[in-house]
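Now for the letters of each chain:
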Amino acid sequence: MRVVSGIQTTGNLHLGNYLGAIKQWVAMQDQGECLFFLADLHALTGNVTPAELANSTIEMAATLLASGIDDRAILFNQSRVPAHAELCWILNGTARMGWLNRMTQWKDKAGKNREGASVGLFTYPVLQAADVLVYQATHVPVGEDQKQHLELARDIATKFNTDFEVELFPLPEPLISKAAPRIMSLRDGSAKMSKSDPSDMSRINLIDDNDTIAQKIKKSKSDADLLPDSFDALAERPEAKNLVTIYAALSDRDPQSVVAEFAGKGFGAFKPALADLAVATLGPIRERLMSLLDDRTAVGAELAKGAERASTLAAPTLLAAQKAVGLQV
């Protein structure tokens, strides 16, 4: 089992990133061979401030290390392994315009100004395919919004294998963890927690201090009703459901057991308990993160070490792809 996954280098990570992806990554390190990368090449498809991109790469690497990613996995930034971009160019000859035009995220991000969108944004899914295929990935952790991109990667792999009569690329399977919750905004239970939300009160950043975490939970949107004894009964109460989901994810519990414990109580009792739990869980991560950021050179060295390991794994596949298309003899 070889797991490959990446995360864009676009600023501070928050509780939704931690519970929805990073915590799962930490657990996956004991389940198979894992490669986790910072997608700095993907970040170039949007507006780029060079200094911010460089800083974000180091800060996000430090966050992953502070959260528990270690030498059991390979951690690197994408641009340090040229095989990603080289294989992407080869796969651009296999991918089809019609396939990319159907990508939901392309339509959403380009909007009505498709003529003004970057070519990189359009071919973004081909680089995603190269990211996983270059390592012969067997499994890729995906959320609902990335399923279509993994299906495209499988289509590209199938067409390449067929066109060039090789059995080079295995078809990666989606790895969907039932434990990975969808964490919503603290201000709007119908919107996903996001670092792009203009309100900092909508999210808990992993760099927030204990008092800030407690205050954000105290002021989070809820409702006046008491908690029921069934999690299903929260279906029409999005803010209440979100807070219970966060509690369950932080404590590694089933949401049903959480509502059973707090049934009949209001958020005046629930929020302080959630705040204590969040502080106890995230406080040590923040302390490790601050320590790592005191020596950014050391964090960069960790990425370089990971890139060397990743490059060794990627080289045979890239060479085989080059031979398949006639670039190498």
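Below is a short write-up of the structure. Numbering of residues begins from 1 in every chain and follows the order in which that chain's sequence is written. Per-residue local features are limited, in this predicted model, to residues with pLDDT of at least 70; the limit for side-chain atom pairs, both in listing and counting, is 80 or more; totals at the level of whole chains, interfaces and linings are taken over all residues. The basis for every side-chain value is the complete set of heavy atoms in the structure, and neither hydrogens nor water enter the calculation.

## Comments concerning the pattern of salt bridges
Two side chains carrying opposite charge are able to pair once their charged atoms lie near each other.
Thought 1: Salt bridges are counted wherever a side-chain nitrogen of Lys or Arg sits within 4 Å of a carboxyl oxygen of Asp or Glu. Under the defined criterion, the tally for this structure stands at 14 salt bridges.
Thought 2: One salt bridge connects Asp-200 with Arg-203, and the closest N-O pair in it is separated by 3.7 Å.
Thought 3: Among the residues examined, Arg-203 registers a relative accessible area of 9% and is labelled buried.
Thought 4: Here Asp-200 makes a salt bridge to Lys-216, at a shortest N to O gap of 2.9 Å. On the criterion of sequence distance, the pair formed by Asp-200 in the loop between strand 5 (173-175) and helix 9 (210-218) and Lys-216 in helix 9 is long-range, its members being 16 residues apart.
Thought 5: Only protein chains enter the calculation, and the probe is 1.4 Å; a residue is then buried if its accessible area is under 20% of its type maximum, exposed if over 50%, and partly exposed in between. For Asp-200, a relative accessible area of 35% puts it in the partly exposed group.
Thought 6: Judged by its relative accessible area of 1%, Lys-216 falls in the buried class.
Thought 7: Each of Asp-200, Arg-203, Asp-208 and Lys-216 takes part in one network of salt bridges that share partners. Per the convention used, a helix needs a DSSP run of H or I reaching at least four residues, while a strand needs a run of E reaching at least two, with both numbered from the N terminus.

## Some thoughts on a nonpolar patch on the surface
Thought 1: Taken together, the side chains of Phe-164, Val-325 and Leu-327 present a nonpolar region at the surface, about 250 Å² in accessible area.
Thought 2: Following the sequence through the fold, Phe-164 ends up in the loop between helix 8 (147-163) and strand 5.
Thought 3: Given the relative accessible area of 31%, Phe-164 is considered partly exposed. Residues enter patches when their relative accessible area tops 30% and they take part in no salt bridge; the joining distance is 9 Å for like charges and 5 Å for the nonpolar side chains Val, Leu, Ile, Met, Phe, Trp and Tyr. Values of accessible area rely on a 1.4 Å probe in the Shrake-Rupley scheme; residue burial ignores everything except the protein chains shown.

## Re the packing of aromatic side chains
Thought 1: When two rings of Phe, Tyr or Trp (its six-membered ring) have centres within 6.5 Å they constitute a pair, described as stacked for plane angles under 30 degrees, edge-to-face for angles over 60, and tilted for the intermediate range. Following the criterion strictly, the structure yields 10 aromatic pairs and no others.
Thought 2: Considering the side-chain rings of Trp-25 and Phe-36, the 4.4 Å spacing of their centres and the 5° angle between planes classify their relative orientation as stacked. Taken together, the positions of Trp-25 in helix 1 (residues 15-28) and Phe-36 in strand 2 (residues 33-39) put the pair 11 residues apart, joining distant regions of the chain.
Thought 3: What makes Trp-25 buried here is its relative accessible area of 4%.

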